[in-house]
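So you can see what is in the structure, the chains are spelled out below.
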Amino acid sequence: MQAVVLRGNQNGYQLVLDQAASFKAIEETLRELLDNLAADANATKSISFDVISNHRLLTAEQNQALEKIFSDYDHFQIHKVIPDVITIDDAIHIKEQDNVHLATQTIRNGQTLELKGDVLYLGVINEGGRLLTTGNIYIMGTCLASCRPVIPAVKAKS
């Protein structure tokens, strides 16, 4: 397989990077491809490409190298780079949002327990205690206060 493949679809053009190729090979193949496209007489209007990097997460230096290659051509530009991977931080965030966390401690007056995602609460919430979460709360324990959900106010756009 070539290091860079040009594809077209209803949304425009895509450049698909081979995940097994070295970045040097990708740069060379991309320059050849853009040279051939620039030599075409129909390349008078600006063309925007989506760069699909498959299972390769490009570093900041590699993104800059791609932008530098495209800056050598007047009619070509990168619309966006689309990796088929996620960062570790994004994976942790998704995992926290998808799990139901189990909480069993007692929350006393003035204490606040903050968790991310959904919470199954089996402990005791005393009056004045607060349980805050970014997801749903399922209380199977005891709530000694007037337990009511507090929904943050959304500011209206003016």
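This write-up is about the structure you can find in this document. (Residues numbered from 1 in each chain as written. Predicted model: local features only at pLDDT ≥ 70, side-chain atom pairs only at ≥ 80, totals over all residues. Heavy atoms only, no water.)

Some thoughts on the overall build of the protein chain
What counts is decided by this rule: Put simply, DSSP H or I for four residues or longer makes a helix, DSSP E for two residues or longer makes a strand, and each gets a number counted from the N terminus. The buried label applies to any residue whose accessible area, calculated with a 1.4 Å probe on protein chains only, is under 20% of its type's maximum; exposed applies above 50%, and partly exposed to all values in between. The contact criterion used is simple: two residues touch if any of their non-hydrogen atoms lie within 4.5 Å. Every accessible area reported is derived by Shrake-Rupley at a probe size of 1.4 Å, with residue values counting cover from the shown protein chains alone.
Along its length, the protein chain carries 3 helices and 11 strands. The order of helices and strands in the protein chain, counted from the N terminus, is β-β-α-β-α-β-α-β-β-β-β-β-β-β. Taking all 158 residues of the protein chain together, the buried fraction comes to 26%. Relative to all contacts within the protein chain whose residues are 6 or more apart in sequence, the contacts with residues 24 or more apart total 40%. With the model as given, the accessible surface of the protein chain reaches about 11,000 Å², and the carbon-plus-sulfur share is 50%.

Here's the deal with helix 2 (residues 60-71)
Residues three or four positions apart in an α-helix share a direction because the helix packs 3.6 residues into each turn. Note the threshold: A helix is expected to span 1.5 Å for every residue after the first. Taking the helix axis as origin, the arc is that swept by the directions to the C-beta atoms.
Helix length check: helix 2 (12 residues) gives 16 Å between terminal C-alpha atoms against 16 Å at 1.5 Å per residue, within 8%. Among the residues of helix 2, those classed as buried are Gln62, Ala65, Leu66, Ile69 and Phe70. For helix 2, the arc enclosing every buried residue in end-on projection is 135°, short of the 170-degree limit, so these residues lie on one face. Residues Ala60, Glu61, Gln64, Lys68 and Ser71 are exposed on helix 2 and point more than 90 degrees away from its buried face. Looking at the buried side of helix 2, the elements it contacts are strand 2 (12-17), helix 1 (23-39), strand 3 (47-54) and strand 4 (76-83).

Notes on the packing of helix 1 against helix 2
Short version of the rule: As a rule, the C-alpha atoms of each element are fitted with a line to give its axis, helices using only the stretch in contact, and angles between N-to-C directions run from 0 to 180 degrees. Angular relationships are summarised with four words: roughly parallel below 35 degrees, roughly antiparallel beyond 145, roughly perpendicular across 65 to 115, and oblique for the angles in between. Two helices crossing with the near one rotated counterclockwise from the far one by less than a right angle form a left-handed crossing, whereas a clockwise rotation gives a right-handed crossing.
In contact at an axis separation of 10 Å, helix 1 and helix 2 are set at 20° when each is read in the N-to-C sense. By the criterion of interaxial angle, the relationship of helix 1 to helix 2 is roughly parallel. Viewed along their axes, helix 1 and helix 2 form a crossing whose handedness is right-handed. For the pair formed by helix 1 and helix 2, the contact residues are Phe23, Glu27, Leu30, Arg31 and Leu34 on the first element and Gln62, Ala65, Leu66, Ile69 and Phe70 on the second.

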